[in-house]
Amino acid sequence: MLFSKILVAYDGSKASNKALDRAIEFAKASPGAVLDVIHAFDFPRVFIGEGLAPLPPSLNNDYYNLAVQTTDEAKERIQAAGVTANVDLIQGAAAEVLLDYAKENGSDIIIIGSRGLGGIREFVLGSVSHNVVQHAQIPVLIVK
């Protein structure tokens, strides 16, 4: 068995769709493997000077509804592939959420897309994937 606890980050981006495809392949190649799919989301924050400006509740609702829709898409893709997986929606900074989840659940590998839906992108890796690679205690597969 290659990996018994596979963790994949999913945000609906093109790269995360490829990462999910790869995670599904790994799960199929390792009968009995547990596939965990995590969509980490955070509510937007607006800073004005040194203070945090309040946002209308409807905007936070929109972000939450989009996050739920994203996890539903992942569930549909996993079901269509004929694989069983745990799909979780967790609020927080994506890299921190992934690293904490991997540690708490004994994941063997983290599979993540090279670039997500973040607004600011690095030249080689997205900031989330870069952070995960730098701090993970287990193998990380970055899918382009």
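The preceding data block contains the structure.
Overview of the structure.

Reading the values: the criteria
Residues numbered from 1 in each chain as written. Predicted model: local features only at pLDDT ≥ 70, side-chain atom pairs only at ≥ 80, totals over all residues. Heavy atoms only, no water. Core = buried A, V, L, I, M, F, W, Y, C linked by side-chain atoms within 4.5 Å. Buried < 20%, exposed > 50% of the residue type's maximum accessible area, 1.4 Å probe, protein only. Helix = DSSP H or I, 4+ residues; strand = E, 2+ residues; numbered from the N terminus. Pairing = 2+ DSSP bridges. Axes fitted to C-alpha atoms, helices over the stretch in contact; angles between N-to-C directions. Contact = heavy atoms within 4.5 Å.

With that settled, the discussion passes to the nonpolar core. With 19 residues, the main nonpolar core has I6, V8, L20, L35, V37, I78 and I111 as its most contacted residues. For this core, the secondary-structure elements that each account for two or more residues are β1 (5-9), α1 (14-29), β2 (34-41), α2 (57-81) and β6 (109-113). Top element by residues in this core is α1. It accounts for six residues. One finds A9, A95, I110 and V132 within the second-largest nonpolar core, a separate group that totals 14 residues.

Across the sheet, five strands lie side by side as β5-β2-β1-β6-β7; this open sheet has parallel pairing. A single partner strand is all that each edge strand has here, and the edge strands are β5 (85-91) and β7 (140-143). Averaged over all pairs of adjacent strands, the angle between strand axes in this sheet comes to 20°, irrespective of strand direction. One ladder, built from four bridges, connects β6 with β7; its direction is parallel. Note on β7: the bridge partner recorded for G113 is V143. Across the sheet, α1 lies against β1, β2, β6 and β7, angled at about 150° from β6, the strand it touches most.

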